[in-house]
Structure formats: structure tokens, C-alpha cells
Amino acid sequence: MMIMESALVGKFCKPCCFHSTKGVLPKRKGMPTHHLFSSEFNILSLLTSTHLSVQAGALKQKSSGFVSKELGWPSPDDEIPFWKRDFPSWDASPEVPTDIVKDSDLLHVVHVTAEMAPIAKVGGLGDVVTGLARACLLRGHTVDIMLPFYECIQKQQINDLALITTYNSYHDGNWIPTNAYRGVVSGIPVIFIEPSNEFFKGQHVYGGSYNELEAYLFFSRACLEWMQVAGIQPDIIHVHEWQTGALPLLYWDMYQYLSLKKPRVILTIHNMEHYGECRQEQLSKCGLDGSLYATIDKAVDDRTVGHNPERLSLLKGGIVYSNAVVTVSPTYLKETLCSGWLASTLITHRDKYFGILNGIDTAMWNPAADVFLPAKFNAQNIEGKKLCKHYVQRGLGMASESIEAGNYVLDKMLKIPLVVCISRLVPQKGLHLIIHAIKYVEQLGGQMVVLGKASDGRVEGEFKHLAELHSHGPRIRILLMYSEELSHLLYAAADMVLVPSIFEPCGLSQMIGMRYGAVPVVRKTGGLADTVFDMDDQSNRETANGFVFEGIDEGSLNWALDRAFAYYRDKPDEWNGIVQKVMEIDNSWNKTAGKYIEIYDSVRVTS
Ligand code: ADP
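Residues numbered from 1 in each chain as written. Predicted model: local features only at pLDDT ≥ 70, side-chain atom pairs only at ≥ 80, totals over all residues. Heavy atoms only, no water.

J.: What exactly am I supposed to notice about the overall build of the protein chain here?
T.: Along the backbone of the protein chain there are 19 helices and 20 strands. Carbon and sulfur atoms provide 52% of the accessible area of the protein chain, an area that totals close to 23,300 Å². (Helix = DSSP H or I, 4+ residues; strand = E, 2+ residues; numbered from the N terminus. Areas by Shrake-Rupley, 256 points an atom, 1.4 Å probe, with all protein chains shown as cover.)

Have a look at this one:
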């Protein structure tokens, strides 16, 4: 490793919803009670193959073991929406695959991250950290996650939470009293860093009223400071995204000259869109001399060269100063070497830059054991998926009118393809294509549910308008919020999952969708190109698993949706075959974590 010149200056378990029938089958306004029972009758006749029997107002399990004991059907008029009911503990207990190999040469890895699923998740970063950590733990390694103790974290989701250290960490000329807590989340040890100033306060992971960049600079140093105070020297410090991009600088130019000697630093870039733009004096607030990093070979933001003053990029600094840099799919690696202002830096550091496809956490995303689902299912038995679809259709009021009309119409509802799109509503995700899909799916006679959160007011306004337009119709729902629970229910209910991104470093949504039997319809870019292969590509029959389009125009998307709908409606046997096939694809971290471990091994200090 290059030595840099010194720049040192300064379980929860709530009562279970599925077991209660009281208030779970509320009367819809003006609906006589007998209608509820007649709709139960229809559902029974639909689901006879799953061995269900009806008991006044609730479905009861007979023998399949896959349906919640007493299921109350939801309605849009429920006081508590179906995705906010109380669920049993969702402390994902890892299903330990029988073929898991324990590694012989064991490492201690500490992730330093701004997100962790499920307690502090905004997008894929949170999923990745939890999934990779769990996979490495299963292989026998010691893994800790270090996370800011955001005020919005629900403490009931942390097991064995305890204050372990109170120490001071530097920020802007002061030593800030800071608490370190230890806890266990979803089976993974976590160290929570809680400064006594305003950092990380507020109701959301991002967007608090404090200076976010300075808060993450503080956090990066506070993690190293804690390791020093606690006398902990992991083999690997694994940092993620721009938020922790300053840690490699702090490590090599400060803490390595203090007491930390052993760790080596790995950076994963989940999305090259965010560079961590930083003024020199802001970097100086964490104790480094910001002016020393304003060179092309260090951390200057190339786009600002010649400006006065030039700015820094924490992501670039992280790339230069880390022992290895990983991005989240092989295709995104190629794309980032060819375009964008960071390409020249990445080319310079090409020998330590790798593309490893993300996995999904199959303990957290498991339709056979998912606590949020009214019925469980797997690739061999997808009857429960039909129930989930109907459950969601009813809960959102998309099928309710038809149910009362009898079996025939109910069957017809289940024959309507349900497309879901679960996404942050930002330009990267192909907003114009999502909006077009809403129109086009309706035109094709399908149904579509969008679950998304917009950070931009204008985008939110546009989707709000669409949501209101469709809120009473039978085909479209647009839900502008973040809900982990609802996302699980929607993946389970979906026939297709739409991911029309303009660019997509990896994308988890298509992989999660597949695990839940939703066939992906995606734009061919980044990790989507590495995970979804077109059904009509004759040269690729073996891997074919979805519908792919290339253009960013509406016609390209129409073509993919047309073909997906045609398979669904005209070739039901082939469709069922695809559903089973996508559910059986192994996109788990257990499959890919080994590639990270190889990189950890290649940079670790062995003596
Ligand atoms: P990105 O990291 O760019 O947001 P990914 O596809 O890699 O995109 O990961 C997105 C993750 O966030 C998935 O787990 C997806 O289910 C989840 N997600 C996105 N939007 C929402 C939302 N509004 N509510 C719940 N989960 C969401």
C-alpha cells in the first residue's frame, strides 16, 4: 500500500395481525355484512388447491402450513392500512444453506456505513451492507457494522442494546463527547455512534437540519477514533459511498501514524452519481488539512479545476486512498471506466478496481417465511402467491368491486397482470418511463402499483397528481411513501416488476422481484443487464428470465410490456415456467460474498 504524506493537523414482537379477526374484516361503507361472507365464499372456491377452509370472516389454514392461521382480508377503508398492521417479529433468522462452506482463514471486517437494512435503509445500500455482513458471518468471519445512531432508528428493532464506550471525537476545533453503543440487528452485531451535538437528529436517515457532509466527516473520524480508544484493529475496514469516503484519508494520513496499523481499507461504490462534493475548509473540520488534498492525484473534483476555489470530492479521495475499490456489477464497472468525470481516476487505479454483482439477503427476502405475507410460497408451490395478489388487490381497493360480483369476475381479476414498481423517485430511475408505464399498463388492461418516495418537491407533486387521478379506479395505485412492509407484500403480489432505469449500478428490485416470482421488465443498463436476459433472445434460452428493452423512449418500453403481457395472457404454461424459473435463480449473497472475501484476503496484512 502506498504510504501517503502526513496531513495531520489537528425482536420486537407485536401482537400478530393475522391472528385477529376483530376489526380486520371491517365493513366497507354501506356494505351489508353478508357481502363479506359471500366474498369469502368466492375466495375459497378460488383457493381450494391450497387446502383452505372458511370460518366466519376469516380464512383458516388446514394443512399446507403456508397460509397465516386466520387471515382477515383487508379493505381500503380499514382504519389501519394492511401494511401497517402488527406483524410478528421480523428478525430475519438466517436460513443456513446446507452447502455453506466455512472459510479456514478467518477475518475481522468492520463495515462503516450510512445505511443498514432494515433499521436505517433508504435504498439498496442498506440491503447490501446487511446481506454481505450476514453472508460473511455465516462463513465464519467476525463482522461488525458501524452506523450513526440516527434519532429515527426504532430502538425496539435492536436486540441487547448497551452503551459500551463514552469518548471524545474531533470536529471543527472541538472534541465532541460521543457514545458508542453495541446491539444486534437481524442477527448482526452493530456499533452505533451517537455524538452529543445535533448530528443525525431528525425523523429521517437523510435530510436532517444539520450539515450532512460535516456529520459524515465527523462519523468517519469517530469510527476510527472509537477503534483506537477501544483497541480494536480489524483486518478490513469496509467503507461505502461518499459518506465514508474520507475514512481512507483519515486512516492513512492520521490514524495509521497513531495506533491503528493493521486494518486495510476497501471502498464499495454503490452509485457514482453522488461524489461527496466538499470544500477544502469543510474537510479541514475533521482534522486533516483540506488544502493538501486539492490535487488531481488526490481528491480534487476534476470538474472544478481552474475554478477559484477548487472543490474536493470525498468519493474520489476514497478511491485514491483505499486498498481496493469495488463497484456493484461488472457492467457498471465498464460503464464507469468509459464515462463520467471519475473515469480517469478509475483508469489510473484500474488494478485495484473490481466489479462484483450485489446479492440479495435471502434471510430477509424469503417468500417461504416472510412475516409480512398473508400466505407463504416457494417455487414449487405458488398458490400462496395468488392469495397475496388478491390480498393486495383487495387491500388497495383494486379488485373489490369485482369480488362482490362473483367467482367469474374474481377469476378474471387474477388473470389481469399486476405490474409493480418499487423505487426511489429520482431521475436515475427513468421517471418519464414510470409515468408512461402507468398509462400504458392501464391501456393494455393490466394493473400497476407504484411504491415510491420522491425527495424533489416537483417530482412529488407530479406523482401526487397522478395518484389522485387514479385513487378510485380499479387499475392503478401510486403510493408515495417508504414502507418496507408494503414492499414485501407488493413483490409477493406482483406478476411483473418494472425497473426502467436510465442507469442502474446494480439494482436489487429486479432480483428481489424474481425471488418473489415477479418477472422483471427492465432497461438494459448496469446490473440490470447482468441479471435479466430477454425471453425472446433465441441465442440465450438458458438464462432467459424476463423482458429487456434498450432505448429510453416510450416505444421501447411499450415493446417490452407488449411482449410480457402477451406471454402472460396467451402462453400461461410458459409464463408459469418463467415464474418458477426466476424464483429458483440464486442471486443470494451466499453465492457472491466469496468474491469480496477474495479481495479482503488479497489486501489484508497477514503477519
Ligand atoms: P437504489 O439503491 O438505487 O435505491 P436498488 O434497486 O439497488 O435501488 O435498491 C432499492 C431498495 O430499496 C430495494 O430493497 C427496494 O425494495 C427498496 N425501496 C425503494 N423504494 C422503496 C419504497 N418507497 N418503500 C420501500 N422500499 C423501497
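J.: Could you clarify how one ought to interpret the site of the ligand in this entry?
T.: Not every one of the 21 residues close to the ligand is listed here, only the nearest: Gly 124, Asp 127, Arg 424, Lys 429 and Tyr 491. Arg 424 places a side-chain nitrogen or oxygen 2.7 Å from an oxygen atom of the ligand. Measuring from an oxygen atom of the ligand, one finds a side-chain N or O atom of Tyr 491 at 2.7 Å. Surface burial for the ligand is 93%, taken as the share of its 560 Å² of free accessible area covered by protein chains. Mapped onto the shell around the ligand, the elements with two or more residues apiece are helix 2 (124-138), strand 15 (418-424), strand 16 (447-453), helix 14 (484-493) and helix 15 (509-515). (Near = heavy atom within 4 Å. Polar contact = N/O pair within 3.5 Å; in protein donor to acceptor, adjacent residues only side chain to side chain.)

J.: What is the right way to read helix 18 (residues 572-584) from this model?
T.: Residue pairs spaced three or four apart in an α-helix point in one direction, given the helix's 3.6 residues per turn. The end-to-end C-alpha separation of helix 18 is 18 Å, in line with the 18 Å expected for 13 residues at 1.5 Å each. Residues of helix 18 that are buried include every one of Trp 575, Ile 578, Val 579, Val 582 and Met 583, and no others. Summarising the axial view, the buried residues of helix 18 lie within an arc of 130°, below the 170-degree limit, and thus occupy one face. (Expected span 1.5 Å × (residues − 1). Buried < 20%, exposed > 50% of the residue type's maximum accessible area, 1.4 Å probe, protein only. Arc of directions from axis to C-beta.)

J.: Even after reading the chapter, I still don't get the pattern of salt bridges, so can you show me in this structure?
T.: Think of it this way: side chains of opposite charge can pair up when their charged atoms draw near. Tallied over the entire structure, the rule returns 24 salt bridges. Asp 495 serves as the salt-bridge partner of Lys 389, at 2.7 Å between the closest nitrogen and oxygen. In this pair, Lys 389 is assigned in helix 9 (residues 383-395) and Asp 495 in the loop between helix 14 and strand 18 (496-499), connecting sequence segments 106 residues apart. Grouping residues by exposure puts Lys 389 and Asp 495 together as buried. (Salt bridge = Lys/Arg side-chain N within 4 Å of Asp/Glu carboxyl O.)

J.: Just to check I follow, could you spell out the environment of Thr 531 for this structure?
T.: Following the sequence through the fold, Thr 531 ends up in helix 16 (residues 526-531). Between the alpha carbons of Thr 531 and Asn 587 there is a distance of 8.6 Å; along the sequence they are 56 residues apart. When sequence neighbours within four positions are dropped, the list of residues in contact with Thr 531 reads Leu 357, Gln 510, Met 511, Met 514 and Asn 545. (Contact = heavy atoms within 4.5 Å.)

J.: Quick question: what am I supposed to make of the sheet that holds strand 9 (residues 236-240) here?
T.: Paired through backbone hydrogen bonds, the strands of a sheet run either parallel or antiparallel to each other. The 9 strands are arranged 6-7-8-5-4-9-10-13-14 in an open sheet whose pairing can be described as mixed. Looking at the sheet topology across the chains shown, the edges are occupied by strand 6 (159-171) and strand 14 (353-355). Direction aside, neighbouring strands of the sheet carry axes that sit 25° apart on average. The pairing of strand 4 (residues 108-112) with strand 9 spans 4 bridges and is classified as parallel. (Pairing = 2+ DSSP bridges. Axes fitted to C-alpha atoms, helices over the stretch in contact; angles between N-to-C directions.)

J.: So what exactly am I meant to see when it comes to the sheet that holds strand 17 (residues 476-480) here?
T.: In spatial order, the strands read 17-16-15-18-19-20; together these 6 strands make up an open sheet with parallel pairing. Two strands bound the open sheet, and with one partner strand each, they are strand 17 and strand 20 (547-549). The sheet shows a mean angle of 15° between the axes of neighbouring strands, direction not considered. The pairing of strand 15 with strand 16 spans 7 bridges and is classified as parallel. Along strand 16, the bridge assignment pairs Ser 423 with Gly 452. Across the sheet, helix 18 touches strand 18, strand 19 (519-523) and strand 20, and the angle it forms with strand 19 is around 80°.

J.: For this particular structure, what's the right way to read the pairing of strand 5 (residues 142-148)?
T.: When a strand is regular, its side chains alternate between the sheet's two faces. Of all 7 residues in strand 5, 6 are buried; the element is thus mostly enclosed. Of the strand pairs in this sheet, strand 4 and strand 5 are connected by 5 bridges, and their pairing is parallel. Note that in strand 5 the partner of Val 109 across the bridge is Val 143. Of the crossover connections in this fold, the one passing from strand 4 over helix 2 to the parallel strand 5 is right-handed. The pairing of strand 5 with strand 8 (residues 188-195) spans 4 bridges and is parallel. When the bridges of strand 8 are listed, Met 146 appears paired with Ile 191. (Right-handed = clockwise from strand over helix to strand, strands pointing away.)

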